[in-house]
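A look at the structure
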Amino acid sequence: MKRQRSGYTLVEMLTVLVIAAVLASVALPYLQAMIASAQLNSAVSDLHGAISLARSQAIARGSRVQLVPLEPSGANWREGWVVFIDTNGDRRPSPAEEVIASHGPLPKGIAVRFNFTSNRTPYYIAFNSNGRSCSDTSSLAARWGTLSLHQGEQIRRIRINMLGRARVCNPERDGASCGSGNEGG
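First, a word on what this report is: a plain description of the structure on this page. (Residues numbered from 1 in each chain as written. Predicted model: local features only at pLDDT ≥ 70, side-chain atom pairs only at ≥ 80, totals over all residues. Heavy atoms only, no water.)

1. Side note on the nonpolar core
As a rule of thumb, nonpolar side chains are buried together in soluble globular proteins. Formed by 26 residues in total, the largest nonpolar core has its most connected members in L47, I51, L67, W77, I125, L147 and L149. If you list the elements that add at least two residues to this core, you get helix 1 (10–61), strand 1 (65–69), strand 2 (81–84), strand 4 (110–116), strand 5 (125–127), strand 7 (145–151) and strand 8 (154–160). Among the elements that take part in this core, helix 1 stands out by supplying eight residues, more than any other. (Core = buried A, V, L, I, M, F, W, Y, C linked by side-chain atoms within 4.5 Å. Buried < 20%, exposed > 50% of the residue type's maximum accessible area, 1.4 Å probe, protein only. Helix = DSSP H or I, 4+ residues; strand = E, 2+ residues; numbered from the N terminus.)

What follows is the structure, given as structure tokens:
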């Protein structure tokens, strides 16, 4: 009478583990790239949303609204940003000024480059009561440009034209229409 065996042999278990390890090592880079892409898209979406909020609040309130980096010198968007009413004109939120929204730091590995018609720090994006992108000192002075978010080889751009309209583009997919300059598109 033959005895029926249950379970697996050590050789069978090791074979399955080796196959699983090979598959995992092949899939890991793709998984990491997918996570990085999702982080970049999320960061772009959050920043684009803050720009849209600043513009819509400027129209709704009938006054100039600004979006600035949270970092103390106002030069690093990676550290987060704040949408607020700049009543004292210093491009930095103070306790007496109304903060509409803020966002914390971006995930590690995402860099933000700012290229506007005026690149003085502290950086800012301002909208006047008509929803047009403007200077922080004059609602009539048009101001436009591009925020470029980079993660490794991936780039996404948020372009703000002189009318204050913001659009997201991908230079790899959109080519020349997604340039890095402040041409106003």
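Having seen the structure, we can now continue with the description.
2. Some words on the pairing of strand 9 (residues 166–169)
Bridge analysis of strand 8 against strand 9 gives four bridges, and the strand direction is antiparallel. Counterpart to R157 in the pairing with strand 9 is C169. The turn joining strand 8 and strand 9, which pair antiparallel and follow one another in sequence, is formed by five residues; a positive phi near 95° is taken by G164. (Pairing = 2+ DSSP bridges.)

3. Quick word on unusual backbone geometry
With the exception of glycine, the majority of residues adopt a negative phi angle, and the majority of peptide bonds are in the trans configuration. Residue P122 is bonded to the preceding T121 through a cis peptide linkage, with omega at 0°. Mapped onto the elements, P122 comes out in the loop between strand 4 and strand 5. The phi dihedral of R91 is positive, around 60°, even though this residue is not glycine. Tracing the backbone through its elements, the reader meets R91 in the loop between strand 2 and strand 3 (99–103).

4. Remarks on the pattern of salt bridges
In total, this model carries three salt bridges according to the counting rule given. Close ionic contact of E98 with R61 constitutes a salt bridge, the shortest N to O distance being 2.9 Å. Note that E98 is positioned in the loop between strand 2 and strand 3 and R61 in helix 1, a separation of 37 residues in sequence. The class for R61 is partly exposed, based on a relative accessible area of 36%. R91 is paired through a salt bridge with D136; the nearest N and O atoms lie 2.7 Å apart. (Salt bridge = Lys/Arg side-chain N within 4 Å of Asp/Glu carboxyl O.)

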